[in-house]
Amino acid sequence: MTNDPLARMARALEERFGTKIPVASGQAGAESLARLLEHRSQRRYTPQPVSPELLQLLFACALSSPSKSDLQQADIVHVRDTVKRTAIADLISDMPWVRSAPVFLVFCGNNRRIRQVAELRGKPFANDHLDAFMNAAVDAGIVMTTFIHTAAAAGIGCCPISAVRNHAQIVSDLLELPDWVFPVAGLCVGYPAEEGKITARLPLEVTVHVDRFGEAGIAAKIDAYDRRRVAKQPYAKQRSVERYGKAEFYGWSEDKARQYSVPERADFGAFIRGKKFNLD
Ligand SMILES: Cc1cc2nc3c(=O)[nH]c(=O)nc-3n(C[C@H](O)[C@H](O)[C@H](O)COP(=O)(O)O)c2cc1C
């Protein structure tokens, strides 16, 4: 594989979006941009440990992310205890990378601290509504994303695990998360054992809008995406064959429609309300 960042960018852009997206020859930050474009979730790791020093550095990078109103509502739990690690891996046994990753983290939204700050300063906390939950969740997602990208810069691969939310209460109890602190996603972390593949994304004309939201021709555009994606990365397995039969053509839209025809985490709202959030 070439090391020239411009060539890497061109290749990654084409693989990701199925089209050539021009890049200026003297583009600043080409190396960083190429790495971002080459992103892939990594689910297989070598046994090489991630040193505690590097992990601390990656935490510091991640927690340097922007934060809504500087409220700093994202926390990271490093699950080091093998009993707790095993308990989480047992809950998510269909994802063996949760067990095999050298490091497992849980990124949490924390709307508790700012309520403590209000109390410490003797002020009313007048923002007990849905936005409080949203802000903490967004901050945690941003911090996790920064962690993933800075880890990649250090040669480390990651895979987010929203499946921790399938067992939100158990994970919360295991990690002793108090009221107003909730798991957003787990993260497997380790040195990648394989190169991995770039996953195709919807074209920018579907996901980038100018001045107003638009969805003209959406069905045809999704169909074209399905075909481009399947040509490169056919699905190894179809979901819910017993319910929907075996599709002759099985693309992303069929897979996602089948996936979301089954309720997923319908109890999460109750869990979050149980954390004392007011979701009105
Ligand atoms: C919030 C979030 C939760 C995710 N949860 C899981 C998960 O539980 N298990 C898993 O294997 N991958 C999970 N992923 C990884 C996605 O499946 C992956 O990002 C997607 O298939 C696109 O692939 P790519 O990251 O290689 O581009 C998650 C990703 C995100 C952003």
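Residues numbered from 1 in each chain as written. Predicted model: local features only at pLDDT ≥ 70, side-chain atom pairs only at ≥ 80, totals over all residues.

1. Regarding the pairing of strand S2 (residues 103–110)
Using the following cut-off: With C-beta atoms placed from the backbone, a residue is labelled by how many other C-beta atoms lie within 10 Å of its own: buried for 20 or more, exposed for 12 or fewer, partly exposed between the two. Helical segments are the DSSP runs of H or I of at least four residues, strand segments are the runs of E of at least two, and each set is numbered from the N terminus. A pair of strands is considered paired only if DSSP assigns at least 2 bridges between the two.
Here S2 lies mainly inside the structure; eight of its eight residues are buried. Every second residue of S2 is oriented toward a common face, with Val103, Leu105, Phe107 and Gly109 on one face and Phe104, Val106, Cys108 and Asn110 on the other, all of them buried. As paired elements, strand S1 (residues 74–78) and S2 share five bridges and run antiparallel to each other. By the bridge assignment for S2, isoleucine 76 is matched with phenylalanine 107.

2. Section: the domain arrangement of the protein chain
We count it as follows: Those domain boundaries reflect an automatic or database domain assignment.
Entries for the protein chain in the domain assignment read domain 1 (5–37), domain 2 (52–196) and domain 3 (204–259). With centres defined by C-alpha atoms, the gap from domain 2 to domain 3 works out at 30 Å.

3. Considering the packing of helix H1 (residues 5–17) against helix H2 (residues 30–37)
Formally: Axes here mean lines fitted to C-alpha atoms, for a helix over just the part in contact, with angles spanning 0 to 180 degrees between N-to-C directions. By the definition adopted for this analysis, an angle is roughly parallel if under 35 degrees, roughly antiparallel if over 145, roughly perpendicular if from 65 to 115, and oblique otherwise. Two helices that cross are described as forming a left-handed crossing if the nearer one is turned anticlockwise from the farther one by less than a right angle, and a right-handed crossing if clockwise. Placing C-beta atoms from the backbone, we regard two residues as in contact once those atoms come within 7 Å. Each residue gets one label: Ala, Val, Leu, Ile, Met, Phe, Trp, Tyr, Cys and Pro are nonpolar, Asp, Glu, Lys and Arg are charged, and the others, such as Gly, are polar.
Two elements in contact, H1 and H2, have axes whose closest approach is 9 Å; the angle formed by their N-to-C orientations is 25 degrees. With respect to H2, the element H1 is oriented roughly parallel. Pair H1 / H2 crosses with left-handed handedness. Mapping the contact onto sequence places Pro5, Leu6, Arg8, Met9, Ala12, Leu13 and Arg16 in H1 and Ala30, Glu31, Leu33, Ala34 and Leu37 in H2. Looking at the contact of H1 with H2 residue by residue, the class counts come to nine nonpolar, no polar and three charged.

4. Description of the nonpolar core
Stated formally: Note on terminology: a nonpolar core is any set of buried Ala, Val, Leu, Ile, Met, Phe, Trp, Tyr and Cys residues joined through C-beta atoms within 7 Å.
With 42 residues, the main nonpolar core has Phe107, Ala140, Leu187, Cys188 and Val189 as its most contacted residues. For this core, the secondary structure elements donating two or more residues are helix H3 (52–62), S2, helix H7 (130–153), strand S3 (157–161), helix H8 (168–174) and strand S4 (181–190). In terms of residue count, H7 provides more of this core than any other element does, ten residues in total. Apart from the residues within four sequence positions on either side, leucine 187 is in contact with Leu105, Phe107, Met144, Phe147, Cys158, Pro160 and Ile161. Listed in part, the five residues of the second largest apolar core include Met9, Leu13, Ala34 and Leu37.

5. Comments concerning the site of the ligand
Formally: Using a C-beta atom placed from the backbone, a residue is described as near a molecule or strand when that atom lies within 6 Å of it.
Within the structure, the ligand sits among His39, Arg40, Ser41, Met95, Cys159, Pro160, Ile161, Ser162, Ala163, Ala185 and Thr199. The dominant element in the shell around the ligand, judged by the number of residues it contributes, is S3, at three residues.

6. Brief notes about the environment of alanine 137
Considering the arrangement of structural elements, one finds alanine 137 in helix H7. For alanine 137, a count of 20 C-beta atoms within 10 Å puts it in the buried group.

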